[in-house]
Amino acid sequence: MTWGTAAGAVIIALFLSVLANPATPWFVAVDTAWHAWVVSLRTDALTAFEIGVDIATGGPVGGSVLMIVPLAVLLVLRRWWAALYYGLGVLLAGTLSQIAKHLVARERPLDGLWHVDFGSFPSGHMTTFTFFIVAMWVLLPRRWAVIAGSVLLVHEVFNRTYLGAHWLSDTVAGLALGAAVALLLWAAFARRIARQPRPKMQPADAEGARA
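Residues numbered from 1 in each chain as written. Predicted model: local features only at pLDDT ≥ 70, side-chain atom pairs only at ≥ 80, totals over all residues. Heavy atoms only, no water.

Looking at the layout of surface pockets
Counted only if it meets this: In the cavity and pocket records, a cavity denotes points on a 1 Å grid over the protein atoms alone where a 1.4 Å probe fits but cannot get out, a pocket denotes an open set with protein on both sides within 12 Å along at least 5 of 7 lines, and lining residues are residues with an atom within 4 Å of a point. Grid points are joined across faces, edges and corners, and a volume is the space filled by probe spheres set on the points. What counts as a helix is a DSSP run of H or I of at least four residues, what counts as a strand is a run of E of at least two, and both are numbered from the N terminus. Under this grouping Gly is polar, as are all residues other than the nonpolar Ala, Val, Leu, Ile, Met, Phe, Trp, Tyr, Cys and Pro and the charged Asp, Glu, Lys and Arg.
Its volume calculated, the largest pocket comes out at about 600 Å³. Around the largest pocket, the lining comprises 28 residues; the ones closest to its centre are Gly58, Gly59, Pro60, Asp117 and His125. Of all the secondary structure elements, the ones that give two or more residues to the lining of the largest pocket are α3 (44–57), α4 (59–76), α5 (80–104) and α6 (124–139). For the lining of the largest pocket, the element with the most residues is α4, which contributes 7 residues. Across the lining of the largest pocket, the residue classes break down as 11 nonpolar, 12 polar and 5 charged.

Structure representation (structure tokens):
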């Protein structure tokens, strides 16, 4: 609840700042400097790689995978409360991101390398990917998951800004929004998820496990 509230405060502060002045919010100098730096790193090989990452982690392909696969696994495992948590979180994160985009209507960088939809703030791609990572952290609390997820989130910030799909502040806002949804929903669902009995193994499964 504490971390979720903190993330919520960050996205609200950024949202109000951009809503008041979409073209030149108070952090526009940081956005411009970061954009100039990542653009200077562009090469054909790196661009091809980052476009591949973009497809894998968001959009029609990656976004569908991130939404459907974890949900399907939880349903197969009969983790009903966890499945409800994840499904509701994906829908809420995506919906809030789109609402903010249309309220703010911030222009994207003009030199983007990849086709993107309307609105730069916040990054919907970053929002849903962050929700996925944080949800995996709470559902699978392992050190390796935290380390791997942290690396992926840092790279996702680089990816969205390198491709010119977003300003740096758009990705930070997506991080905050995705984390806020994942953590605040977790605060509401955690007890129910923990109390749900795990499915018992069938005799054949138990013998296979012992083998």
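Describing the environment of threonine 32
Structurally, the position occupied by threonine 32 is in helix α2 (residues 28–40). With 41 residues separating them along the chain, threonine 32 and valine 73 place their C-alpha atoms 41 Å apart.

Observations concerning the packing of α5 against helix α8 (residues 168–195)
To keep things clear, this is the line we draw: Note on geometry: axes are lines fitted to C-alpha atoms, helical ones only across the stretch in contact, with angles between N-to-C directions running from 0 to 180 degrees. Roughly parallel covers angles under 35 degrees, roughly antiparallel covers those over 145, roughly perpendicular covers 65 to 115, and oblique covers all other angles. The hand of a helix crossing depends on one turn: near helix anticlockwise from the far one by less than a right angle means left-handed, and clockwise means right-handed. Whether two residues touch is decided by their heavy atoms; if any such pair falls within 4.5 Å, the residues are in contact.
Where α5 meets α8, the closest approach of the two axes is 10 Å, and the angle between their N-to-C directions is 155°. Regarding the angle of α5 to α8, the classification is roughly antiparallel. At the point where α5 passes α8, the crossing takes the right-handed sense. Counting all contacts with α5, which are made through Trp81, Ala82, Leu84, Tyr85, Leu88, Gly89, Leu92, Ala93, Leu96 and Ser97, the residues of α8 involved are Leu177, Val181, Ala182, Leu185, Trp186, Phe189, Arg192 and Ile193. Taken together, the residues of the contact of α5 with α8 sort by class into 15 nonpolar, 2 polar and 1 charged.

Overview of the packing of α4 against α6
Following both chains from N to C, one finds α4 and α6 inclined at 25°, their axes separated by 11 Å at the closest point. Classified by the angle between their axes, α4 and α6 sit roughly parallel to one another. Our pair here, α4 against α6, has a crossing hand that is left-handed. Contacts between α4 and α6 involve Gly59, Leu66, Pro70 and Leu74 from the former and His125, Phe129, Phe132, Met136 and Leu139 from the latter. Tallied by class, residues from the contact of α4 with α6 come to 7 nonpolar, 2 polar and no charged.

Remarks on the nonpolar core
One recurring pattern in soluble globular proteins: nonpolar side chains tend to sit buried together. As a reminder of what qualifies: Only buried Ala, Val, Leu, Ile, Met, Phe, Trp, Tyr and Cys residues count toward a nonpolar core, and they belong to the same one when joined by side-chain atoms within 4.5 Å. A 1.4 Å probe rolled over the protein chains alone gives each residue an accessible area, and that area as a share of the maximum for its type sets the label: buried under 20%, exposed over 50%, partly exposed in between.
Membership of the largest hydrophobic core comes to 38 residues, with the highest contact counts inside it found for Tyr85, Tyr86, Phe121 and Phe131. Put simply, the parts of the chain that give this core at least two residues each are α1 (2–20), α4, α5, α6, α7 (143–162) and α8. Broken down by element, the residue count for this core peaks at 11 residues, all from α8. With residues up to four places along the chain from it excluded, the contact list for tyrosine 85 reads Phe131, Ala135, Val138, Leu139, Ala182, Leu185, Trp186, Phe189 and Ile193.

A word on the packing of aromatic side chains
The cut-off we apply is this: Pairing of aromatic side chains requires ring centres within 6.5 Å, counting the rings of Phe and Tyr and the six-membered ring of Trp. Pairs whose planes differ by under 30 degrees are stacked, by over 60 edge-to-face, and all others tilted. Two limits define a charge over a ring: the Lys NZ or Arg CZ must be within 6 Å of the ring centre, and within 35 degrees of the ring normal.
Considering all chains together, one arrives at 9 aromatic pairs under this definition. For the pair tyrosine 85 and phenylalanine 189, a centre-to-centre distance of 6.1 Å together with 55° between the ring planes defines the contact as tilted. Of this pair, tyrosine 85 sits in helix α5 while phenylalanine 189 sits in helix α8, and the two are 104 residues apart along the sequence. For tyrosine 85, a relative accessible area of 0% gives the class buried. Assessed through its relative accessible area of 10%, phenylalanine 189 is described here as buried. Between phenylalanine 129 and phenylalanine 132, the aromatic rings sit 6.2 Å apart at their centres with planes inclined by 40°, giving tilted as the arrangement. Linking phenylalanine 129 with phenylalanine 132, this pair stays in helix α6, spanning 3 residues, or about one helical turn. Phenylalanine 132 carries the same exposure label as phenylalanine 129, and that label is buried. The ring of tyrosine 162 has arginine 42 sitting right over it, with the charged end atom 6.0 Å from the ring centre. The ring of tryptophan 81 has arginine 192 lying over it, and the distance from NZ or CZ to the ring centre is 5.4 Å.

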